[in-house]
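Residue strings, one per chain:
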Amino acid sequence: MKIHNKGNKTDNILLNEQNMIDKVNQIQKSLPNFMRDYFSYLKTSVSITTRIAYLNDIVFYLEYLILDEPSIDTIKNVPLSMLNDFTAQDFNFFIAEYCSRYEVNHNGQRVIYENSNTTLSRKKSSVMSLLKFLYRNGQIDNNISDGLNPIKLPKKSPDSIKKLTIEEAENL
C-alpha cells in the first residue's frame, strides 16, 4: 500500500487506521443489508476500535440467532424479523447463559471461552445499540431494553489511578 500523506499523522498511524477501516468494511459486508443505516450511525458515534468491537459482538449475536436455524446459511441472510421477534427474556438468556461461557470447535479442537462481566457488559451494549437504533428507525417494533437484567461490574478502586509525582511528570 502506498501512502500519500499531507496531514499531521505519521505514516504508520495512517496505515494502522486504514487497516482498521478495512477490517470494519470486511465485517460490514458480512452483515445483513438492513443494518446499513446503523453502520453510518456507528461511524459518527464511536471510535474505530469501538466500531470493530461492536461489529464483532453483533456478528457473534447473529451467529447465535442462526444456531438452530438450518434454513439460514450465513449471518448475511438473517431476516429483520428474527431481531424483531427477539424478546428481553431471550436476550437475558443470550447474555447470561450463552455469552458467559461457550465452546467452539476450531479445526477439530474444542475451545472453551469464558467472558468476564466487563466483556458481557460490552456485548450487551453492542447489541443493544443496534436494537435501539433499529427501533428508533422504525425497523423493529419493540424496545426490549427495559426488560434486561443488569450486569454487575466491579467498582474501580481509587488506587487503580496512579498519580505522577512532579519529577515523574517533568521526565515525560
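Just above sits the structure.
Residues numbered from 1 in each chain as written. Predicted model: local features only at pLDDT ≥ 70, side-chain atom pairs only at ≥ 80, totals over all residues. Heavy atoms only, no water.

(A) Looking closely at the environment of Y113. With respect to the secondary-structure elements, Y113 resides in strand β2 (residues 109–114). Residue Y113 is classed as partly exposed on the basis of its relative accessible area of 31%. Each C-alpha atom of the pair Y113 and S47 lies 26 Å from the other, and the pair is 66 residues apart in sequence. Not counting residues up to four positions away in its chain, the partners in contact with Y113 are S100, R101, Y102, V104 and H106. In terms of polar contacts, Y113 uses its side chain to reach the side chain of H106, at 3.2 Å. (Helix = DSSP H or I, 4+ residues; strand = E, 2+ residues; numbered from the N terminus. Buried < 20%, exposed > 50% of the residue type's maximum accessible area, 1.4 Å probe, protein only. Contact = heavy atoms within 4.5 Å. Polar contact = N/O pair within 3.5 Å; in protein donor to acceptor, adjacent residues only side chain to side chain.)

(B) Region of the structure containing the environment of S81. By secondary structure assignment, the location of S81 is in helix α4 (residues 80–85). Taking C-alpha positions, S81 is 9.7 Å from D141, a pair spaced 60 residues apart along the chain.

(C) Highlighting the pairing of strand β1 (residues 101–106). Relative to β2, β1 is paired through 6 bridges, and the arrangement is antiparallel. Paired with E103 across the strands is I112, a residue of β2. If you look at the hairpin formed by β1 and β2, you'll find 2 residues sitting between the two strands, and N107 has a positive phi there, around 55°. (Pairing = 2+ DSSP bridges.)

(D) Region of the structure containing the pattern of salt bridges. This structure, assessed with the given rule, holds 4 salt bridges. A salt bridge links D57 to K123; the nearest nitrogen and oxygen atoms lie 3.3 Å apart. In this pair, D57 is assigned in helix α3 (residues 48–65) and K123 in helix α6 (residues 117–136), connecting sequence segments 66 residues apart. There is no split in this pair, since D57 and K123 are both buried. Between R110 and E103 there is a salt bridge whose closest N-O contact spans 3.1 Å. E103 sits in the partly exposed class, given a relative accessible area of 47%. Look at the salt bridges and you will find they share partners, linking D57, R122 and K123 into a network. (Salt bridge = Lys/Arg side-chain N within 4 Å of Asp/Glu carboxyl O.)

(E) Structural context of the nonpolar core. The biggest cluster of nonpolar side chains holds 43 residues, and the ones touching the most others in it are L31, Y61, L62, L83, F91, F94 and L131. Every element with two or more residues in this core is listed here: α1 (11–29), α2 (36–45), α3, α4, α5 (88–99) and α6. With 11 residues, the top contributor of residues to this core is α3. The residues contacting Y61, other than those within four sequence positions of it, are L83, F86, F94, V127 and L131. (Core = buried A, V, L, I, M, F, W, Y, C linked by side-chain atoms within 4.5 Å.)

(F) Expanded view of the packing of aromatic side chains. Enumeration according to the criterion identifies 16 aromatic pairs in this entry. With a centroid separation of 6.0 Å and 35° between ring planes, the pair formed by Y38 and Y41 is classed as tilted. Remark: Y41 and Y38 occur in helix α2; sequence separation between them is 3 residues, near one turn of the helix. With a relative accessible area of 31%, Y41 lands in the partly exposed category. (Phe/Tyr/Trp six-rings, centres within 6.5 Å; stacked < 30°, edge-to-face > 60°.)

(G) Examining the side chain of Q28 more closely. Relative to the helices and strands, Q28 is located in helix α1. Not counting residues within four places of it along the chain, the set of residues in contact with Q28 comprises F39, R51 and L55.

(H) Inspection of α6 at higher detail. Helix length check: α6, at 20 residues, gives a terminal C-alpha distance of 27 Å against a target of 28 Å (1.5 Å per residue), a fit within 8%. The set of residues buried in α6 consists of L120, S121, K123, K124, S126, V127, M128, S129, L130, L131, F133 and L134. Among the structural elements, α2, α3, α4 and α5 are those in contact with the buried residues of α6. (Expected span 1.5 Å × (residues − 1).)

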